[in-house]
Amino acid sequence: YREDEVSPDSFLGKLLRGEEAINVSQIRVQPLDKSAVENLVSYALRMSRRLIRPLADVVLNKTDGNTFFVVHLLVTLRDEGLLLYDSKHQLWRWNLDELRTREISDDIVDLFTAKIDRLDADARGLLTLAAGVGSTFRESTLRILYATSQADREGITVDKSTVRQMTPVTEVKNTIKELEKEGLIIATGLGSISRYKFSHDQIRKAAYSLIPVADRPLMHLRIGRMFLMDAEYYSRVDKDVFLIVHQLNRSKELIREAEERISLAELNLMAGERSIQTSAFGPALTYLKAGLSMLKPNELFAGEYYDISLRLYSSMAEVELVNGNVGNVEASVAIISKHAVKILHKVPSYVCLIKSYIARGKTKEGISTCLYVLAKLGLQFPKSAGELTTLRSLIKTKMRLRGKTDERLKQLPKMEDQSKIAAMRVLSVMLSCCYYARQDLLPLVIFRMVRCSLKYGISHISPIAFAVYGYFSMVTGDFKGGYRFGKLALSFLKKFETKEMHCQTICIVWGYIAPWRDNSFRDSMEHLTYASKVGMEVGDHEYAMHCVTFFSAFSFIVGRPLALLEDEINDFIKYAISLHQDLQRVEMILLHQCVLNLMGRSDNPVILRGTAMDEDGILEQVAPENAANILNEMYVYRMLLAYTFGEYKAVVDIADKSRLTVAKVLPGQPHLVIHAFYDALAACALVRESSASSRKHKEIIKASMKRMKSWAASSPSNCKHRVLLLKAEYDALRGKKSSACKAYDASIGAAHESGIVQEEALAHERAALFFIKLGDEAKASHYLATAHQLYLDWGADAKSSQLQTQYSTMISKGRTRRSFQDYMIKRSASVASELKSD
C-alpha cells in the first residue's frame with residue numbers, strides 16, 4: 001500500500017498504530033537504486049547491463065527509482081519512437097543525445113496525462129468519467145453515466161428506466177477493452193458483474209486532472225444523483241451512503257432545492273453516525289459538518305428539522321471530543337443547550353462537555369456541570385458530604401444489597417426509564433471528576449449508581465457502578481467483597497452489545513481491584529491492553545489512557561526491561577499529547593524520568609530531572625485539583641530512587657511529607673505498595689546505622705509490615721517477596737542472624753517466582769550488605785555479583801555502575817564462584833521456560 005492511501009481511521013491505519021490485537025511487521029519499499037534500475041531495464045529489453053547502462057541512467061534520473069514510473073516511462077519511450085526494436089539484430093536501439101535533449105516529463109502524472117491525451121475522444125471521455133467515480137467502478141455505472149452525459153448534451157430528461165434503455169452496451173464494452181489494453185485500467189470483478197480499477201492511483205489522478213475545474217462539481221452532482229437513484233431503486237441507500245455523499249458533497253454548492261438540501265443533510269448524518277459506529281471519527285466530523293452546512297440558519301431546530309439538527313450537533317460534540325478538539329465541544333453544547341427543548345436531548349452533549357473538562361484538568365467545572373444536569377433530571381445531590389452523610393448512604397446501599405446472591409443480581413431486569421439511564425450516564429463521568437477533585441463526594445456517587453441499578457434495573461452503565469463499588473470495598477479493606485463486585489461488573493458487560501463501558505469497567509477491575517486479590521500485576525496487563533484498544537475504538541480516550549498508565553506502571557513493577565519500557569512510555573506520552581489527556585501525560589512523564597534515572601541518563605539519579613521533566617516545575621503542568629495526585633506519585637518515585645541509590649535519610653524525609661496523604665490521594669493504586677515498602681526499608685537502614693530516633697523508625701517499620709502482610713495475604717504474588725525482605729531486614733536489625741539469612745533467601749526465591757528481576761536484585765544486594773557486616777566476604781561476594789548481574793539484566797545501568805564502583809573486587813570474586821555460576825544458569829533456564837510457556 002502507499003502511505004497516503006491509508007486513512008488513519010481505517011482498520012489498516014489502526015493496525016499500523018498498534019490499536020488492534022494483531023502483531024504487524026512493516027516492510028518499507030524503498031525506491032530502486034542504480035543497480036536495481038539497470039537490472040529492471042536489462043530484463044525488460046533482454047539486453048546485457050553493459051549495453052543498457054546509459055539508458056538506465058536516463059531512466060533513473062527521470063523516475064527517481066519509482067518502479068511503476070520506470071516501467072511506464074519505458075512504454076512511453078517506445079510509443080513515442082524514442083525506443084525502437086531492431087528486428088534484424090534482435091535488440092533495442094535508442095539515440096542517447098535525443099533522449100537527453102527531448103522534453104520528457106519527470107512527473108508521473110504529466111506522463112499519464114500525455115498518454116491519455118493520445119486516446120480517442122470516447123476513450124478519454126469514459127476514463128475521465130471513471131476518474132470522477134473513484135479508484136474502482138463498475139461497467140454498468142460507466143454505461144449509465146455515459147448515457148446520462150449524452151442525454152444532458154442533447155437536452156433530454158431521463159429517469160431510472162429510460163436511462164437504462166439508452167445505455168450503449170457494446171460501445172462502452174469496446175472502449176473499456178481499449179483502456180485495458182493500454183494498461184490504464186484492470187478488471188477486478190468476478191461472475192456477471194464487471195468491475196474495474198485504475199492500474200495506479202496516479203493514472204486516476206492524471207485522468208481527473210483533464211476535467212476542467214469548473215466542470216467538476218456538475219459531474220459529481222450527476223454521479224451522486226445517479227448513485228442515489230440507483231440505491232433508492234434497490235433499497236440500499238444505507239449500504240451505499242458513503243459512495244453517494246462522497247459525490248454529492250463535492251457538488252453541494254449546486255444543490256439549492258430545499259428537498260434535495262435536506263436529503264443531503266440526512267445522508268451526511270447517516271454517514272457520520274455510521275462512521276462513529278466503526279470508530280472512523282475523522283471522516284465522521286467531515287460528514288457532520290457537511291450535513292450542517294446544508295441547513296439554513298432559520299431551519300436549525302425548527303419544526304420538522306428539529307430532530308436532524310439535534311442529532312447532527314450531538315454527534316458533532318461527540319466527534320470533536322474524540323478527535324481531541326476539546327475546545328470545539330463547548331460550541332456545539334452551547335447551541336444544543338440553547339435550542340433543545342428537553343433535558344434528555346441535552347444529556348449526551350453535556351456528557352461530552354464534562355469529558356472535555358476532565359481532559360483539560362477542569363474537574364471542578366465538570367462536577368458543577370454534573371450537579372446541574374442531575375438536578376434537571378430530578379436527582380438531587382449534596383454539594384458536600386460529611387462522614388455521617390456518607391455512612392447513611394453506605395448503610396442504605398448495603399441494606400438494598402443484603403441477601404442478594406450473585407445469581408440474583410445477574411437476573412436483574414434491564415433498565416427502561418430513559419431519565420434514569422441518563423442520570424447513570426452523568427454519574428459515570430462524575431466519578432472521574434470526584435476522584436481527582438472531590439473525594440468526599442465519590443462514595444455518594446458510587447452508592448447512588450448501585451442503588452439506581454438495584455431499583456430500576458441494569459443499564460449498560462451499571463457495570464461501572466458495581467466495579468466502583470468493588471473498588472470502594474477493596475479500599476476500605478474488604479478485598480474479598482471488592483473482588484466479588486468486580487467480577488459481577490465484568491459479567492454485566494456481557495448483557496449488552498455496546499462496548500461503550502468496557503474500557504472503563506475493565507480498567508477499574510483490573511487496574512484497581514484484581515491486583516489486590518489473587519492476581520499479579522502481570523495478570524492485569526493483558527486485560528488492560530485489551531481495554532485500552534476497546535477504549536480507542538469507541539472514543540473513550542480518558543480511560544484508554546488510564547489503562548495505558550496502569551500498564552506502564554505495572555510493567556515497571558514486574559521488571560520489564562527498562563530499555564523496552566522507555567521506548568513504550570515515549571510512544572504512550574505521544575498518544576496522550578495527541579488525545580489532549582494532560583493528566584495521564586504527566587503521570588507517564590514521572591515514570592519516564594524515573595526509568596531514565598535508573599538507566600543512567602540523568603545527572604543525579606535520585607532527583608527527577610532530565611530530558612523528560614524537571615521535578616521543580618512539573619506541578620505547573622497540571623490543573624490545581626490534580627496537583628496532589630502528581631505530587632504524591634512523584635514522592636513515591638523519588639523514594640524508590642533514593643533507596644535504590646542508598647540515600648536512606650532522603651527516603652524517610654519524603655515519606656514524612658506523604659505518609660498521611662498518599663493513601664487518601666492515591667487509594668487503590670500500586671504506588672501505595674511501593675511507598676510502604678521503601679518507607680519501612682529506609683527506616684530499617686537508618687536504625688541499623690544509628691540508634692537515634694530508633695523508636696519512631698521502629699513504629700514505621702511495624703506499621704508498614706502490618707499493612708504489607710495484609711496485602712500479601714490477599715495478593716501473595718505481588719507482596720510476598722516484599723514482606724519476606726522486610727522481615728529479613730527487621731530480623732537483621734534485631735540480631736536474629738539465622739532467621740534473617742532464611743528470610744533473605746526466601747525473599748529472593750519469591751521475587752524470582754514472581755518474575756520481578758529488580759526486587760530479586762534488591763534482595764541479593766541487601767543480603768550482601770548483611771553478610772559484609774557479619775564479615776562473611778565469601779557469601780557477600782556471591783550475593784553482590786548476582787545483584788550486579790540482575791540490575792544489568794533489568795537495564796539499570798546507573799545502579800549496576802554504583803555497585804561496580806563500590807564493590808568491584810568483591811563482584812569480580814563473586815563472579816568466579818561456582819555458586820554464582822550455578823545460580824545464573826539455573827535462573828536462565830527458569831526464565832527460558834517461562835518465556836516458552838508464555
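Note that the structure is a prediction, hence the values are computed from the model and not measured.

Trainee: Describe the overall build of the chain, with residues and values.
Mentor: When its secondary structure is counted, the chain shows 41 helices and five strands. Looking at the 838 residues of the chain, the share that counts as buried comes to 54%. In the chain, 66% of the contacts between residues at least 6 apart in sequence involve partners at least 24 apart. Seen as two clouds, the 112 positive and the 97 negative side-chain charges of the chain have centres 8 Å apart.

Trainee: Now, about the packing of helix 34 (residues 671-689) against helix 36 (residues 716-733): what can you tell me, with residues and values included?
Mentor: Contact geometry of helix 34 with helix 36 gives a least axis separation of 9 Å together with a crossing angle of 15°. One element, helix 34, and the other, helix 36, form an angle in the roughly parallel class. Here helix 34 runs over helix 36; the crossing is left-handed. Touching Val673, Phe677, Ala680, Leu681, Cys684, Val687 and Arg688 of helix 34 are Cys719, Arg722, Leu725, Leu726, Glu729, Tyr730, Ala732 and Leu733, all from helix 36. Looking at the contact of helix 34 with helix 36 residue by residue, the classes come out as 12 nonpolar, no polar and three charged.

Trainee: Please set out the pairing of strand 5 (residues 195-198) residue by residue, giving values where relevant.
Mentor: Along strand 5, the buried face is formed by Tyr196 and Phe198; none of Arg195 and Lys197, which line the opposite face, is buried. With three bridges joining them, strand 3 (residues 136-138) and strand 5 adopt antiparallel strand pairing. Bridged to Phe137 within strand 5 is Tyr196. When strand 4 (residues 185-187) meets strand 5, the two strands line up antiparallel, connected through three bridges. Looking at the pairing, Ala187 lines up with Tyr196 of strand 5.

Trainee: Account for the sheet that holds strand 4, naming residues and giving values.
Mentor: Ordered in space as 3-5-4, the three strands form an open sheet in which the pairing is antiparallel. Sheet topology places strand 3 and strand 4 at the edges, where each strand pairs with a single neighbour. Geometrically, the sheet is characterised by an average inter-axis angle of 30° between neighbouring strands, direction not taken into account.

Trainee: So what's going on with the nonpolar core? Which residues, and what values?
Mentor: Counting 197 residues, the largest nonpolar core has Met430, Phe466, Phe556 and Tyr678 as its most contacted members. With 68 residues, the next largest nonpolar core counts Ala231, Val241, Leu267 and Phe281 among its residues.

Trainee: Describe helix 12 (residues 216-233), with residues and values.
Mentor: Relative to the 26 Å expected for 18 residues at 1.5 Å per residue, helix 12 spans 26 Å between its end C-alpha atoms, a close match to the ideal helical length. One or two steps after helix 12, the chain reaches Ser235, where phi turns positive at roughly 55°.

Trainee: Give a detailed account of the packing of helix 35 (residues 694-714) against helix 36, specifying residues and quantitative values.
Mentor: For the pair helix 35 and helix 36, interaxial distance at closest approach is 8 Å and the crossing angle is 150°. On the basis of their axis angle, the class for helix 35 and helix 36 is roughly antiparallel. Handedness of the crossing formed by helix 35 with helix 36: left-handed. Taking contact as the criterion, the partners of Ile701, Lys702, Met705, Met708, Lys709, Trp711, Ala712, Ala713 and Ser714 in helix 35 are, on helix 36, Pro716, Cys719, Lys720, Arg722, Val723, Leu726, Lys727, Tyr730 and Leu733. Of the residues belonging to the contact of helix 35 with helix 36, the class tally is 12 nonpolar, one polar and five charged.

Trainee: Residue-level account of the packing of aromatic side chains, with values.
Mentor: Under the criterion given, the structure shown has 30 aromatic pairs. Residues Trp516 and Trp711 carry aromatic rings whose centres are separated by 5.3 Å and whose planes lie at 70° to one another, so their mutual orientation is edge-to-face. Here Trp516, found in the loop between helix 26 (502-513) and helix 27 (521-538), pairs with Trp711, found in helix 35; they are 195 residues apart in sequence, far enough to count as distant. Here Trp516 and Trp711 have matching classes, each one buried. Measuring from ring centre to ring centre gives 5.5 Å for Tyr643 and Tyr678, while their planes differ by 50°; the resulting arrangement is tilted.

Trainee: Run through the pattern of salt bridges, naming residues and quoting values.
Mentor: Enumeration according to the criterion identifies 37 salt bridges in this entry. Among the salt bridges present, the one from Asp79 reaches Arg78, with a minimum N-O distance of 2.8 Å. The residue Arg360 makes a salt bridge to Glu330 at a minimum N-O spacing of 3.0 Å. Note that Arg360 is positioned in the loop between helix 18 (343-359) and helix 19 (363-376) and Glu330 in helix 17 (residues 326-339), a separation of 30 residues in sequence. Its relative accessible area of 24% is what places Arg360 among the partly exposed residues. Overall, the relative accessible area of 32% leaves Glu330 in the partly exposed class. Look at the salt bridges and you will find they share partners, linking Asp656, Arg659, Asp679 and Lys696 into a network.

Trainee: So what about helix 17? Which residues, and what values?
Mentor: Here helix 17 has its buried residues at Val326, Val329, Ser332, Val333 and Ile336. What you see down the axis of helix 17 is that its buried residues fit within an arc of 100°, all on one side. Buried residues along helix 17 sit in contact with helix 16 (306-322) and helix 18.

Trainee: Give a detailed account of the environment of Leu99, specifying residues and quantitative values.
Mentor: Mapping Leu99 onto the fold places it in helix 5 (residues 96-101). Between the C-alpha atoms of Leu99 and Leu77, which are 22 residues apart in sequence, the distance is 8.8 Å.

Trainee: Give a detailed account of the environment of Leu243, specifying residues and quantitative values.
Mentor: Examined against the element boundaries, Leu243 turns out to sit in helix 13 (residues 237-248). By relative accessible area, which is 46% here, Leu243 ends up partly exposed. The spatial distance from the C-alpha of Leu243 to the C-alpha of Ile223 is 9.6 Å, given a sequence separation of 20 residues.

Trainee: Could you give an account of unusual backbone geometry, naming the residues involved and the relevant values?
Mentor: Although it is not a glycine, Gln90 adopts a positive phi angle of roughly 55°. Residue position: Gln90 is located in the loop between strand 1 (84-86) and strand 2 (91-93).

Trainee: Residue-level account of a nonpolar patch on the surface, with values.
Mentor: Together, Leu388, Leu391, Ile395 and Met399 make up an exposed nonpolar region whose accessible area comes to about 390 Å². Turning to its location among the elements, Leu391 is positioned in helix 20 (residues 387-401). By relative accessible area, Leu391 is classed as partly exposed at 45%.

Trainee: Help me get a handle on the state of the cysteines, residues and values and all.
Mentor: Applying the stated criterion across every chain, the model contains zero disulfides. Note on Cys507: no disulfide assigned, nearest cysteine sulfur contributed by Cys547 at a separation of 3.9 Å. You can call Cys507 buried: its relative accessible area is 1%.

Trainee: Give me the environment of Arg138: which residues, what numbers.
Mentor: With respect to the helices, strands and loops of the structure, Arg138 is situated in strand 3. For Arg138, a relative accessible area of 28% translates into the label partly exposed.

Trainee: Hey, could you go over the side chain of Gln581 for me, with residue numbers and the actual values?
Mentor: Its location among the elements puts Gln581 in the loop between helix 29 (562-578) and helix 30 (582-598). A residue is classified by how much of its surface remains accessible, and Gln581, at 6% relative accessible area, is buried. Sequence-distant contacts of Gln581, defined by excluding residues within four places in its chain, comprise Ala359, His541, Glu542, Met545 and Ala576.

Parameters and conventions
All residue numbers here refer to positions counted from 1 along the written sequence of the relevant chain. Totals for whole chains, interfaces and linings use every residue, but because this is a predicted model, local features are given only for residues with pLDDT of at least 70 and side-chain atom pairs only at 80 or more, for both listing and counting. Heavy atoms throughout the structure, all of them, feed into the side-chain values; hydrogens and water do not. Helix and strand assignments come from DSSP, with helices taken as H or I runs of at least 4 residues and strands as E runs of at least 2, each series counted from the N terminus. Note on classification: 1.4 Å probe, protein chains only; a residue is buried when its accessible area is under 20% of the maximum for its type, exposed when over 50%, partly exposed between these limits. Any two residues having at least one pair of non-hydrogen atoms within 4.5 Å are treated as being in contact. Here Asp and Glu are counted as negative and Lys and Arg as positive; His is not counted, and neither are the chain ends. Working definition for charges: the position is that of NZ of Lys, CZ of Arg, CG of Asp or CD of Glu. Only the stretch in contact is used when fitting a helix axis, every axis being a line fitted to C-alpha atoms; angles between N-to-C directions are given from 0 to 180 degrees. Here is the rule for angles: anything less than 35 degrees is roughly parallel, anything more than 145 is roughly antiparallel, 65 through 115 is roughly perpendicular, and the remaining ranges are oblique. Working rule for handedness: look at the near helix, and if it is turned counterclockwise from the far one by less than a right angle, call the crossing left-handed; if clockwise, right-handed. Any residue that is not Ala, Val, Leu, Ile, Met, Phe, Trp, Tyr, Cys, Pro, Asp, Glu, Lys or Arg is counted as polar, Gly included; the first ten are nonpolar and the last four charged. By the convention used here, strands pair only if DSSP detects at least 2 bridges between them. Put simply, buried Ala, Val, Leu, Ile, Met, Phe, Trp, Tyr and Cys residues joined by side-chain atoms within 4.5 Å make one nonpolar core. Multiplying 1.5 Å by the residue count of a helix minus one yields the expected span of that helix. Ring pairs are drawn from Phe, Tyr and Trp, using the six-membered ring of Trp, whenever the two centres fall within 6.5 Å, and their geometry is named by plane angle: stacked under 30 degrees, edge-to-face over 60, tilted for the rest. Salt bridge, as used here: a side-chain nitrogen of Lys or Arg that lies within 4 Å of a carboxyl oxygen of Asp or Glu. Directions pointing from the helix axis toward each C-beta atom define the arc. A residue counts toward a patch only above 30% relative accessible area and without a salt bridge, and it is joined to like-charged neighbours within 9 Å or, for Val, Leu, Ile, Met, Phe, Trp and Tyr, to nonpolar neighbours within 5 Å. Here the open area of atoms and residues is found with the Shrake-Rupley method and a 1.4 Å probe, where only the protein chains shown may cover a residue. Only a pair of cysteine sulfur atoms within 2.5 Å counts as a disulfide in this structure description.

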